[in-house]
Amino acid sequence: MTYNIAVVGATGAVGREMLQTLSERNFPLNNIYALASKSSIGREVSFGDDKILKVLSLEDFDFEKVDIALFSAGSDIAKKYGPIVGKTGCIVIDNSSCFRMDDEVPLIVPEVNPDAINSFKKRNIIANPNCSTIQLVVALKPIHDHFKVSRVVVSTYQAVSGAGKPAMDELFNQTKGVFVHDQATPEQFTKKIAFNVIPHIDTFMDDGFTKEEWKMRVETKKILDNNINLVAHCVRVPVFIGHSEAVFLECEKDISVTKVRNLLRDADGITVIDHRADEGYVTPVEVAGEDDIYISRIRKDPSVKNGLVFWCVGDNLRKGAALNTVQIAELLVSKNLKGIKI
Ligand code: A2P
């Protein structure tokens, strides 16, 4: 059985990665369509090493001929087109935050809550979680299953590609500009990002947290366990690809670092590199292009009962976005789930 797939936002950073991932993983494709805004009609995007796709307009596209649409064009486009596309019977897997907390939309990380996918049928929409949440819950799941995590404190160090291709261009241009004494004018970020860090991702909320920090809290509850209490502090750093997280946990059961290390080693989608020596840990430039979440610096937190600290790094465009979306599509295929006209 083969499938007709559309990638919405195919000219963007995540959209391009979706095409690459579909090709690399030999997704059972019949036809593949690359969609973007009207201004991109006729542009070309690569599909795999040797195929080129001509970009078509989302606005004029007939989704009746498509089984699954992978959306990565932001919340406004998802809000406008997601429900219309879902009604045609085409299953939308959306990478934006638009539907994540909708009770009728499953929020899926295949290694963590694959069975929740069955509830997509009311709207034919499935949400892909926030990039920082995905790598966190993949790491938490094996620990939670064994030691019952009660509280998480997480500080993120997030790459600019999480804010899209123009944000990557801004870091590149500002960095070059420093060497020719060109004053950086922030456009995609609120402050200069080159040679700087910015403790602000997404908009501010009334309680002082940013929406990114809120997303990590509520999405972790929805995906993993509503009883987990989480507080996040999210920071943008001048890294092109690869989000890093310093994670501090408290568990209900007595924690054993050796057991945690073994559980993480055995878990799908995780690589542990933790040598407690120079170079014995992983940094974001090393994970660009990798599928797994990398975990290092695992140690006991002596300041609380049953506390654990670790460092977690993942490619935000792959597992944090495109790969997880494609894995959700693969889950639909493996369960033989199909959309029906609503
Ligand atoms: P386009 O290049 O035609 O503007 P990124 O997050 O990397 O900036 O990518 C955003 C993606 O969303 C791009 O592929 C962009 O296409 C697409 N997009 C933006 N606005 C629209 C729209 N009105 N209709 C369809 N796709 C859109």
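Everything discussed here concerns the structure shown above.
All of these numbers come straight from a predicted model, not from anything done at the bench. (Residues numbered from 1 in each chain as written. Predicted model: local features only at pLDDT ≥ 70, side-chain atom pairs only at ≥ 80, totals over all residues. Heavy atoms only, no water.)

Some details on the side chain of glutamate 170
Argument step 1. With respect to the helices and strands, glutamate 170 occurs in helix 4 (residues 165-179).
Argument step 2. Here glutamate 170 sits buried without a salt bridge, and the closest side chain of opposite charge, arginine 236, lies 9.9 Å off (N-O distance).
Argument step 3. A polar contact is formed between the side chain of glutamate 170 and the backbone nitrogen of glutamate 187, at a distance of 3.0 Å.
Argument step 4. Excluding residues that lie within four positions of it along the chain, glutamate 170 makes contacts with Thr185, Pro186, Glu187, Gln188 and Phe189. (Helix = DSSP H or I, 4+ residues; strand = E, 2+ residues; numbered from the N terminus. Buried < 20%, exposed > 50% of the residue type's maximum accessible area, 1.4 Å probe, protein only. Lys, Arg positive; Asp, Glu negative; His and termini not counted. Salt bridge = Lys/Arg side-chain N within 4 Å of Asp/Glu carboxyl O. Polar contact = N/O pair within 3.5 Å; in protein donor to acceptor, adjacent residues only side chain to side chain. Contact = heavy atoms within 4.5 Å.)

Things to note about the site of the ligand
Argument step 1. Within the structure, the ligand sits among 16 residues, and Gly9, Thr11, Ala13, Ser37 and Ser40 are positioned closest to it.
Argument step 2. For the ligand, an oxygen atom lies 2.6 Å from a polar atom in the side chain of threonine 11.
Argument step 3. Measuring from an oxygen atom of the ligand, one finds a side-chain N or O atom of serine 40 at 2.5 Å.
Argument step 4. When the ligand is considered free in solution it has 570 Å² of accessible area, and contact with the protein chains removes 67% of it. (Near = heavy atom within 4 Å. Areas by Shrake-Rupley, 256 points an atom, 1.4 Å probe, with all protein chains shown as cover.)

Let's talk about the packing of helix 1 (residues 13-24) against helix 8 (residues 318-334)
Two measures define how a pair of helices packs: the angle their axes make with one another and the distance between the axes.
Argument step 1. Running from N to C, helix 1 and helix 8 cross one another at 50 degrees; their axes reach a closest spacing of 9 Å. In terms of orientation, helix 1 lies oblique with respect to helix 8. The hand of the helix 1/helix 8 crossing is right-handed. Contacts between helix 1 and helix 8 involve Val14, Glu17, Met18, Thr21, Leu22 and Glu24 from the former and Arg318, Ala321, Ala322, Leu323, Thr325 and Val326 from the latter.
Argument step 2. When the residues that make up the contact of helix 1 with helix 8 are grouped by side-chain class, the tally is seven nonpolar, two polar and three charged. (Axes fitted to C-alpha atoms, helices over the stretch in contact; angles between N-to-C directions. Parallel < 35°, antiparallel > 145°, perpendicular 65-115°, else oblique. Left-handed = near helix turned anticlockwise from the far one by under 90°. Nonpolar A, V, L, I, M, F, W, Y, C, P; charged D, E, K, R; others polar.)

Describing the sheet that holds strand 10 (residues 229-236)
Argument step 1. On the basis of which strands lie adjacent, the open sheet formed by six strands has the order 10-9-11-14-13-12 and mixed pairing. Edge positions in the sheet fall to strand 10 and strand 12 (270-272), since each has one partner strand and no second. The average angle at which neighbouring strand axes cross in this sheet is 25 degrees, direction not considered.
Argument step 2. Bridge count for strand 12 against strand 13 (residues 293-301) is three bridges, and the pairing is parallel. Each bridged residue has a counterpart across the sheet, and for threonine 271 the counterpart in strand 13 is tyrosine 294.
Argument step 3. On top of the sheet, helix 3 (residues 131-147) reaches strand 9 (149-158), strand 10, strand 11 (243-251), strand 12, strand 13 and strand 14 (307-314); it is set at about 30 degrees to strand 11, its chief contact. (Pairing = 2+ DSSP bridges.)

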